[in-house]
Amino acid sequence: MKPLLSIIVPSYNAEAWLERCVDSIVVDGGEVEVIIVDDGSTDSTLAVAKELAVRAPGVVVVHQENKGHGGAVNTGVARATGTWLKVCDADDALDPLALRALLARLRQWDIDGTAPDLVVTNFVYVREGSEAWRTMGRRSRLARAHLPTVQRSSHAVRFHRLIPEGRLGTWDDVRRFRADQYLMMHALLYRTEVLRASGTVLPEHCFYVDNIFAFEPLAAVRTLTYLDLDLYLYTIGREGQSVADEVIVRRLDQHDRVNALMLQALPAEGEVCSSLYGYLLHYYLISCVVISTMALRSGTEQNLAIKDALWARLAQRRPDVHARLMRTVLGRSMNLPGRLGRRVPVLGYQVARRVLNLN
């Protein structure tokens, strides 16, 4: 039987977390295919993965030389046989009960022939070492924990009143996102044929490729829906994690590489509907703001040069986009002159981090 859902688990030196991750997403009955991609790990990740494949139904293990997160996702996409596709990093997990609720919807859409191209669900920030992290992904969670009527984690990211909820919609039905809102990879479930039709191939040996996965394929998405399920459990707070400020600063050149690829993938105005185009500009602006703010925060000549080169590249390759972004408050604030101008975005970021509880 063809699985309903393929879940790709990119894994590099993940021996400490892989079993918990896979345990949270294994489902009896053949509806879920779990593809563990061991990306050239130097610890016992591959051995753990093989053991899981022996004892858990639907688990497939692929071993490859190290290609980075993007290379592991590419391998998983090529290997997937499910109608739907999701990525779950090895140090994260899915809520088992929310997963079953999702499968029920996928099953019904499969029967009715009414499947959307994209399903958006919630994701929950879970800080490493917390009680929530210690029980993350276990099947003993409250049976109704994923339902809207139950009090849930205050750190969940949800998309109420933004995307058609529980019904099929188009981009014209999507409302405007706030400056702090965008669709991260953790929230997305693509129909596999739509993802492949987009032609998206993630760069190898590069961090922050999640941004491309959540950006480039959207041009191929015609229909979408939102399910209010706290599905993805996203670990934060780990020392050395790629989303930590100090790590972003060290790897700003890789963030910039991803930004350049996003710009390359950005359709021309009129190639996609105006609502989708507006959202893509919004997401691309967020990428520019993150890079610019971190460059200003670090203050190093190398990172400031990356920031200046980013905006120069945008002006040269897409002057229409450059002009539009420079009319926004965020776009202008990233390019204020003088020493005081450099301090404004950093102060704004520090305030936003406290107010919005950024990860």
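Refer to the structure presented above.
Since the structure is predicted, the reported quantities are computational estimates derived from the model, not experimental observations. (Residues numbered from 1 in each chain as written. Predicted model: local features only at pLDDT ≥ 70, side-chain atom pairs only at ≥ 80, totals over all residues. Heavy atoms only, no water.)

Engineer: Can you help me understand the environment of Ala101 in this one?
Structural biologist: Inspection of the secondary structure puts Ala101 in helix H4 (residues 96-112). In the structure, Ala101 is positioned 170 residues away from Glu271 in sequence and 36 Å away in space, judged by C-alpha atoms. (Helix = DSSP H or I, 4+ residues; strand = E, 2+ residues; numbered from the N terminus.)

Engineer: What am I meant to see in the packing of aromatic side chains here?
Structural biologist: Between two aromatic rings, the relevant description is the distance of the centres plus the angle of the planes. Under the defined criterion, the tally for this structure stands at 11 aromatic pairs. Taking the centre distance of 6.0 Å and the plane angle of 40° together, the rings of Trp84 and Trp109 count as tilted. Here Trp84 is found in strand E4 (residues 84-87), whereas its partner Trp109 is found in helix H4, with 25 residues between them in sequence. Given a relative accessible area of 10%, Trp109 falls into the buried group. Summarising the aromatic geometry, the rings of Phe207 and Tyr208 are spaced 6.2 Å apart at their centres and angled 50° between planes, so their arrangement reads as tilted. You can call Phe207 partly exposed: its relative accessible area is 35%. Taking relative accessible area as the criterion, Tyr208 reaches 11% and is therefore assigned buried. Members of the aromatic cluster, joined through ring pairs, are Trp171, Phe177, Tyr182, Phe215, Tyr279 and Tyr283. (Phe/Tyr/Trp six-rings, centres within 6.5 Å; stacked < 30°, edge-to-face > 60°. Buried < 20%, exposed > 50% of the residue type's maximum accessible area, 1.4 Å probe, protein only.)

Engineer: Would you mind going over unusual backbone geometry with me for this structure?
Structural biologist: Excluding glycine, most residues fall at negative phi; most peptide bonds, likewise, are trans. Even without being a glycine, Asn13 presents a positive backbone phi close to 50°. One non-glycine residue with positive phi stands out, namely Tyr208, at about 70°. Secondary-structure assignment places Tyr208 in the loop between helix H6 (192-197) and helix H7 (210-213).

Engineer: Whenever I open this one, the packing of helix H1 (residues 18-25) against helix H2 (residues 45-55) confuses me. Can you help?
Structural biologist: Pairs of packed helices are described in terms of their axes, by the angle between the two and the distance that separates them. Direction vectors running N to C along H1 and H2 enclose 25°, while the axes themselves pass 10 Å from each other. Compared by their axis directions, H1 and H2 come out roughly parallel. Regarding H1 and H2, the two cross each other, and that crossing is right-handed. Contact residues: Leu18, Glu19 and Val22 in H1; Thr45, Val48, Ala49, Leu52 and Arg55 in H2. Split into classes, the residues belonging to the contact of H1 with H2 amount to five nonpolar, one polar and two charged. (Axes fitted to C-alpha atoms, helices over the stretch in contact; angles between N-to-C directions. Parallel < 35°, antiparallel > 145°, perpendicular 65-115°, else oblique. Left-handed = near helix turned anticlockwise from the far one by under 90°. Contact = heavy atoms within 4.5 Å. Nonpolar A, V, L, I, M, F, W, Y, C, P; charged D, E, K, R; others polar.)

Engineer: Help me out: how do you make sense of H2 in this one?
Structural biologist: An α-helical segment advances 3.6 residues per turn. Residues three or four places apart therefore align on the same side. Restricting attention to buried positions, one finds in H2 the residues Thr45, Leu46, Val48, Ala49 and Leu52. Viewed end-on, H2 has its buried residues packed into an arc of 160°, placing them on one side of the element. In this structure, the buried residues of H2 make contact with strand E1 (5-11), H1, strand E2 (32-39) and strand E3 (59-64). (Arc of directions from axis to C-beta.)

Engineer: Would you explain the pairing of E3 in this entry?
Structural biologist: In terms of strand pairing, E2 meets E3 through six bridges, oriented parallel. By the bridge assignment, Ile35 is partnered in E3 with Val60. Following the chain from E2 across H2 to the adjacent parallel E3, one finds a crossover that is right-handed. (Pairing = 2+ DSSP bridges. Right-handed = clockwise from strand over helix to strand, strands pointing away.)

Engineer: It is not clear to me how the nonpolar core should be interpreted in this structure. Could you clarify?
Structural biologist: Generally speaking, nonpolar side chains in soluble globular proteins are found buried as a group. If you look at the biggest cluster of nonpolar residues, it comprises 108 residues, and the most contacted ones within it are Phe159 and Ile163. Of the residues forming this core, the biggest block, 13 residues, is contributed by helix H10 (residues 274-298). Apart from residues lying up to four places away in sequence, Ile163 is in contact with Val120, Val174, Phe177, Leu183, Leu224, Thr225 and Tyr226. In terms of nonpolar packing, the next biggest core, distinct from the first, is built from seven residues, Val124, Val126, Met136 and Leu233 among them. (Core = buried A, V, L, I, M, F, W, Y, C linked by side-chain atoms within 4.5 Å.)

Engineer: Before we go on, may I ask you to explain the side chain of Arg191 in this structure?
Structural biologist: With respect to the element layout, Arg191 can be found in strand E8 (residues 188-191). Given the relative accessible area of 16%, Arg191 is considered buried. Here Arg191 is in contact with Thr83, Trp84, Ala115, Pro116 and Asp117, once residues within four sequence places are set aside.

Spatial relationships are all this shows, so hold off on functional conclusions.
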